[in-house]
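# Tertiary structure, described
What follows is each chain in one-letter form.
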Amino acid sequence: MSTDRPHSVSVAGVIIDGQGRALLIQRRDNGHWEPPGGVVEAGETIPDALSREVLEETGLKIAQPAALTGVYKNMTGLIVSLVFRCEAIDGQTTTGAETRALRWVTRDEVNDLADEAYAVRVTDAMDNASQPAVRAHDGIRLI
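An account of the accompanying structure is given in this report. Computed from a predicted structure; not experimentally measured. (Residues numbered from 1 in each chain as written. Predicted model: local features only at pLDDT ≥ 70, side-chain atom pairs only at ≥ 80, totals over all residues. Heavy atoms only, no water.)

### Quick notes on the pairing of strand β6 (residues 67-74)
Residues in a regular strand project their side chains so that they alternate between the two faces of the sheet. Pairing analysis gives seven bridges linking β6 to strand β7 (residues 79-86), with the strands arranged antiparallel. Paired with N74 across the bridge in β7 is I79. Hairpin remark: β6 followed by β7, antiparallel, with four residues in the connecting loop; positive phi at L78, about 55°. Pairing of β6 with strand β10 (residues 133-137), which is carried by five bridges, proceeds in the parallel orientation. Directly across from Y72, in β10, lies its bridge partner R135. (Pairing = 2+ DSSP bridges. Helix = DSSP H or I, 4+ residues; strand = E, 2+ residues; numbered from the N terminus.)

See the structure below:
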């Protein structure tokens, strides 16, 4: 196994509201719509990283534990992403340093706004299946 460029691990939280819509963020750096999330930092647990990223990007605190809904590998970016279905328990939605906009979206709107590699993470979480999905993508499309 090569250690030249190890994989990184990221987390994302799909928050579902009472109407069955998911919260997406629009990233400031590239304008893409995605579920809130980011890289797990050294010394940080996965639940702590998930809570931190969701709070930083949405202003919402989430309940723990959150349900794992999928594992996704970016084959070109060498990133393994763990995606969780989350419940907001406190806070107000707000943009932050990394977030240009927030939007509650239906399943159809997810597919219209987000690249396939990110839309599937949200729809997998919305489906709330008993087993987490395991998928691979190239950064944009599933492979």
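Once you've had a look at it, read on.
### A short note on the environment of V110
Among the structural elements, V110 can be located in helix α2 (residues 107-113). By relative accessible area, which is 0% here, V110 ends up buried. Distance in space between the C-alpha atoms of V110 and L23 is 9.5 Å, their sequence separation being 87 residues. Contacts of V110, omitting those with residues within four sequence positions, involve V105, A119, V122, T123 and M126. (Buried < 20%, exposed > 50% of the residue type's maximum accessible area, 1.4 Å probe, protein only. Contact = heavy atoms within 4.5 Å.)

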